[in-house]
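# Observations on chain architecture
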Amino acid sequence: MEVNLNFFEQRNNRKDIIVNYEKWLKIIERMPNKKMHHLITTNNFEYMTNSQSINIGNNLKNRISIANLTLDKVHVGRFLLCRVINRCAKLGPLFTLIEDPEGEIERIALYNWVEHTALPVKVREKVLSINQVSKFLPIGTKLAIKNPYYQVASSFDTLINIEGPRINTDFDSLIRSDVPDDVIIIDQDDERFNKIKWSNDLGKGMNVNEKDKVYKVSVDDEKRIGTPDECHQKGNKYFISNDFAQAVDEYSTGIRHGLHNATLLANRAEAYLRLDRFKKALNDVEKILKRDPGHMKAAIRKGKALIGLKSYQESIITLKDLNLRMQTKTECDDNLITSIKQSVKELLKRAEMFDSENRYGRYDYKSIIDEYCEKIVINQDNDDWACGKGPRLDHAEYLIDDIEIRHVKKKGRGWVAKRDIPEGTLVMVSKAFKVVYGNEAPLSFRSIDFTRGYEVMNTATHLELSTRIARELIAEPELCQEVYQLYAGPEMVPMEYLDEKSLHSVNMKRIEKIVKYNFFEPRDEWDILYYSGNDSRLTKDYGAGLWILPSYFNHSCVDINIQHIIIGDMMILRSCRPILKDEELILTYCSPAQFYEERSTRLKSYGINCQCRLCEFERVESFRTKVRRIELFATYEKCLGPQLRLSFHSPYFDPSLINELNDLIAESNELRKDLPDLNFLAYEPKSDLAMAYVKIGKLRQSLPITKQVYNFLKTAQLLHLTSNAAYQVASRYARLGQMKEANEWFDVTLKELAEPIRGKFNEDEIQWREEALHLAKKLAPKMIEGARNKGLV
Ligand SMILES: C[S@@+](CC[C@H](N)C(=O)[O-])C[C@H]1O[C@@H](n2cnc3c(N)ncnc32)[C@H](O)[C@@H]1O
């Protein structure tokens, strides 16, 4: 990392460090809760896991002072004796200022410590005020930090800066510890440390008062415990402001002190539902219904909780029963009853839809795409989803009965066909276990990982994903096994060898590995956002998500038989060619259009030595051929391509470019003559060649080349590009006035766009065009606008 190290040569003096720190605390104090919440979400930048056991007693020989810390070094086997001299703040880690006995002071960041050591599970997701968090380490608390890491970190200001740090200027020094067991709180009476003289007085009122020393606090401690009624009101207040976790806390306090209170339980159930804690919601409503089977709100919430728990049939029974009871309630048919009747009807419809999706794979793709387009909108001013949770869609999962997970030679587990599967079959619909979209990684950590230098990567998104998975598992430990059974790399023992305790406890290291080997990237597949002028982070940063069942598909660069499409948080997987009984189902983890070196570097990081047709061929390709292909590519990327793009947009087109393109294509064909269906280098120059002929008015010459591009993309299975290629053929026919052919090719375009999502249209389907057009209008509005101008729509 290129950090201006001069900075450290003139370390700020004690007073400046304190003043800066306090200024920073003030900014945090004034920050709205919502933004704080965004900043606290990343909490795991682990630099080491094998903490060394150090004796911090005997003669304190392993003690190191701040002045002796070396930058960018983990001081393994040493410990830093220090005491807290200011208040704490928690963003990702817990930050505070410390001084050592020599009187040197420094900022410190304790990662994971609050989560593992001090904070009750139920308050982990909350934003803690500086006063609340300062109770963990009151001023004067003495600490021994084992294996301290003196790090170059972003300055405190940039931690809360929307833009993130400006490399080279916004860096500072920081002592950090990632392993909670490395942070030892020293008892005031610990004799080993009593003889140590501290060069500074903490000053009046700064000595730690034993009764202030609260290492395990609950946010509730601050409040007087109210009556059930007060808790109810407070809970409702939080509920209305969408703070459902806090509302649950209030209702829970009320329930604890008010024995059985149906209203509190019903409200808490609704708050749990909003937090997707369906089991807890179900528990609450079951308690109510046991005493009062006629409690309508409880019955509705039971229906909702059962949908959340994927017990669709049970939900339908509950809701139908309620519906029946509602019909008889004619005598008191007031507004409330009418609105409950309406809710029950709608909920029942949803439960029936989920049931049909889940059992038969019957999805209404039109409404799914409508829902996606509605939910993907981002507020222009604040980068937040216009629609609450973003494009997380409300649908059930589906798994065909014709496939199963089996052991596959040299690949571990994989999906295998139990029977023959025709092309275009829906084999699976999966909802993300957790997903982080490009705009959701915490602001200041989005594109730069401070610990690993300048590399711009999606690691911050991966860490955010790991953190969210960990939080989910903390709340629902029974889900651990679902996640832990996924491949976690060669260095992690398979789940079968984990003991009972490990099967139910959150293991961040394992989660990070699982994310590394199994993540998928949700992206704007159809450029809807791009074309709608939405310049949000979502168009630039890919997100990352974990989908459980799709994680068992193995990879091949080419000749795949499964195509996967991500719509919001929903992954749709279809066969893209016929699959035979006992054949493995494979999809691709990377684009075959990349060079072998790029692909194999990425695949190596997954431990894959790919044996596909393309990799096998490219591995033995002569060095000369390889170099020539790279040269051709460079010529196209750096010279010819940009020149062409300029010419396409200017009134004059230089026809000599056509010769250059033809030469380049001919040579790349020659280099790949043994594998013509996989000459990925040629298809972009070929598209340009077709366009060049259009430009000089030779449309007839352009047509066969455009068709070749389409056919190549189709056989090479670059299926996300085929609809656009088909559209080029249609438009060229339209320009020639051959409307019959133009319309035929526009039909191909619509099918290429819609079929990966909704499956093959039947030959005799009359309405197919209407449905395909509906999807195309939503997903490719720009293309449809063009088609309309050409008289194709
Ligand atoms: C997402 S998982 C796929 C399921 C995995 N095979 C399992 O047993 O859970 C990815 C891992 O599967 C293995 N894998 C996937 N495709 C492979 C291939 N073509 N050749 C060898 N190993 C492969 C690699 O170990 C890779 O890191």
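Residues numbered from 1 in each chain as written. Predicted model: local features only at pLDDT ≥ 70, side-chain atom pairs only at ≥ 80, totals over all residues. Heavy atoms only, no water.

## Quick word on the overall build of the chain
Threshold: Each helix is a run of DSSP H or I of at least 4 residues and each strand a run of E of at least 2, with the numbering of both proceeding from the N terminus. Throughout this description, buried means an accessible area under 20% of the type-specific maximum (1.4 Å probe, protein chains only), exposed means over 50%, and partly exposed covers the range between. Residues are treated as being in contact if the distance between any of their heavy atoms lies within 4.5 Å. Only the protein chains shown count as covering a residue, and every accessible area follows the Shrake-Rupley method with a 1.4 Å probe.
Helix and strand counts for the chain come out as 31 helices and 20 strands. For the chain, the proportion of its 793 residues judged to be buried stands at 53%. When contacts within the chain are restricted to residue pairs at least 6 apart in sequence, those whose partners lie at least 24 apart make up 69%. Of the roughly 38,000 Å² of accessible surface on the chain, a fraction of 50% belongs to carbon and sulfur atoms.

## Details of the packing of helix H24 (residues 623-648) against helix H25 (residues 656-671)
Where we set the bar: Axis definition: a line fitted to C-alpha atoms, limited for helices to the stretch in contact. Angles are taken between N-to-C directions and run from 0 to 180 degrees. Should an angle lie under 35 degrees it is considered roughly parallel, over 145 roughly antiparallel, and from 65 to 115 roughly perpendicular; all remaining angles are considered oblique. Handedness of a crossing follows from how the near helix is turned relative to the far one, being left-handed for an anticlockwise turn of less than a right angle and right-handed for a clockwise one. Polar here means any residue other than Ala, Val, Leu, Ile, Met, Phe, Trp, Tyr, Cys and Pro, which are nonpolar, and Asp, Glu, Lys and Arg, which are charged; Gly is therefore polar.
Running from N to C, H24 and H25 point in directions that differ by 155°, and their axes come no closer than 11 Å. If you check the angle between H24 and H25, you find them roughly antiparallel. When you trace H24 past H25, the crossing you get is left-handed. Here Thr625, Arg628, Arg629, Leu632, Tyr636, Leu640, Gln643, Leu644 and Ser647 of H24 lie close against H25, whose contacting residues are Leu657, Glu660, Leu661, Leu664, Glu667, Ser668 and Leu671. When its residues are assigned to classes, the contact of H24 with H25 shows eight nonpolar, four polar and four charged.

## Brief notes about a nonpolar patch on the surface
Inclusion rule: Patch membership requires over 30% relative accessible area and the absence of a salt bridge. Like charges are linked within 9 Å, and nonpolar side chains (Val, Leu, Ile, Met, Phe, Trp, Tyr) within 5 Å. Think of a salt bridge as a Lys or Arg side-chain nitrogen and an Asp or Glu carboxyl oxygen that are within 4 Å of each other.
There is a patch of nonpolar side chains on the surface, built from Leu399, Ile405 and Leu549 and spanning about 200 Å² of accessible area. Using a relative accessible area of 35% as the deciding quantity, one classes isoleucine 405 as partly exposed.

## A short note on the UniProt feature "repeat: TPR" (unreviewed entry) in the chain
Note the cut-off: UniProt positions are given in the numbering used here, feature names are shortened, and annotations may be inferred rather than shown by experiment.
Within the UniProt annotation, "repeat: TPR" (unreviewed entry) is assigned to residues 262-295. Here residues 262-295 runs as 79% helix and 0% strand, with 9 Å between its end C-alpha atoms.

## Regarding the sheet that holds strand E18 (residues 562-567)
What counts, and what does not: A pair of strands is considered paired only if DSSP assigns at least 2 bridges between the two.
A sheet is described by the order of its strands in space; here four strands give the open sequence E11-E14-E19-E18, paired in antiparallel fashion. Each of the sheet's edge strands pairs with one partner strand only, and the pair in question is strand E11 (398-399) and E18. Pairing of strand E14 (residues 426-431) with strand E19 (residues 570-575), which is carried by five bridges, proceeds in the antiparallel orientation. When the bridges of E19 are listed, valine 429 appears paired with isoleucine 572. Contacts from helix H15 (residues 365-375) reach E14, E18 and E19 within the one sheet, and its direction differs from that of E19 by about 140°.

## Let's talk about the domain arrangement of the chain
Rules: What marks off one domain from the next here is an automatic or database domain assignment.
For the chain, the domain assignment lists domain 1 (1-223), domain 2 (226-360), domain 3 (369-619) and domain 4 (620-789). The C-alpha-based centres of domain 2 and domain 4 are spaced at 54 Å.

## Things to note about the site of the ligand
The condition that has to hold: Here a residue is considered near a molecule or strand provided that any single heavy atom belonging to it is located within 4 Å of it. Any pair of N or O atoms that falls within 3.5 Å is considered a polar contact. Within protein, one atom must be able to donate a hydrogen and the other to accept it, and sequence-neighbouring residues count only if both atoms are side-chain atoms.
Neighbouring the ligand are 15 residues; Lys411, Arg413, Asn554, His555 and Tyr606 lie closest to it. Here an oxygen atom of the ligand sits 2.6 Å away from a polar atom, N or O, in the main chain of tyrosine 606. In the complex, the protein chains occlude 92% of the 560 Å² of accessible area that the ligand would expose alone. Among the elements of the structure, strand E13 (412-417), helix H19 (508-518) and strand E17 (554-555) are those that each provide at least two residues to the shell around the ligand. Split into classes, the residues belonging to the shell around the ligand amount to seven nonpolar, five polar and three charged.

## Regarding the environment of cysteine 88
Within the element layout of this structure, cysteine 88 appears in the loop between strand E3 (79-84) and strand E4 (89-90). Put simply, cysteine 88 and isoleucine 316 are 228 residues apart on the chain and 51 Å apart in space, counted from C-alpha to C-alpha. Setting aside residues up to four positions removed in sequence, cysteine 88 forms contacts with Tyr21, Leu25, Leu94, Phe95, Thr96, Ile130, Val133, Ser134 and Leu137.

## Quick notes on the packing of aromatic side chains
We apply this condition: Pairing of aromatic rings covers Phe, Tyr and the six-membered ring of Trp, with a centre-to-centre limit of 6.5 Å; geometry is then stacked below 30 degrees between planes, edge-to-face above 60, and tilted otherwise. In this analysis the charged atom, NZ for Lys or CZ for Arg, is taken to sit over a ring once it is within 6 Å of the ring centre and within 35 degrees of the ring normal.
Under the definition given, this model contains 17 aromatic pairs. Between tyrosine 21 and tryptophan 24, the aromatic rings sit 6.0 Å apart at their centres with planes inclined by 35°, giving tilted as the arrangement. Within this pair, tyrosine 21 and its partner tryptophan 24 are both found in helix H2 (residues 14-30), separated by three residues, close to a single helical turn. Of the two residues, tyrosine 21 and tryptophan 24, both sit in the buried class. Centre to centre, the rings of tyrosine 487 and tyrosine 517 are 5.1 Å apart; their planes meet at 75°, and the pair counts as edge-to-face. Of the two residues, tyrosine 487 sits in the loop between helix H17 (480-484) and helix H18 (500-503) while tyrosine 517 sits in helix H19, which places them 30 residues apart along the sequence. Of the residues examined, tyrosine 487 reaches a relative accessible area of 40% and is grouped as partly exposed. Here the aromatic cluster, defined as three or more aromatic residues joined through ring pairs, consists of Tyr21, Trp24 and Phe95. The lysine or arginine in question, arginine 176, covers the ring of tyrosine 111, its NZ or CZ lying 4.1 Å from the ring centre. Sitting above the plane of the tryptophan 768 ring, lysine 751 keeps its charged end 4.7 Å from the centroid.

## Remarks on unusual backbone geometry
Look at aspartate 559: it is not a glycine, yet its phi comes out positive at around 60°. Note that aspartate 559 resides in the loop between E17 and E18. Looking at aspartate 559, the relative accessible area reads 29%, which means it is partly exposed. Even without glycine at this site, glutamine 717 takes up a positive phi of about 60°.

## As for helix H10 (residues 262-274)
Since the α-helix packs 3.6 residues into each turn, any two residues three or four apart lie on the same face. We apply this condition: Take the number of residues in a helix, subtract one, and multiply by 1.5 Å to get its expected span.
With 13 residues, H10 should reach 18 Å at 1.5 Å per residue; the first-to-last C-alpha distance of 18 Å fits that figure. Within H10, 10 of the 13 residues are buried, which leaves it mostly tucked inside the rest of the structure. Inspection of H10 places Leu264, Leu265, Ala266, Asn267, Arg268, Ala269, Glu270, Ala271, Tyr272 and Leu273 among the buried residues, and these make up the whole buried set. Against helix H8 (228-240), helix H9 (244-257), helix H11 (278-291) and helix H12 (296-308) lie the buried residues of H10. The first or second residue beyond H10 is aspartate 276, which carries a positive phi of 60°.

## Side note on the pattern of salt bridges
Taken as a whole and judged by the stated rule, the model has 53 salt bridges. In this structure, a network of salt bridges that share partners links the residues Arg599, Glu618, Glu621, Arg629 and Arg672.

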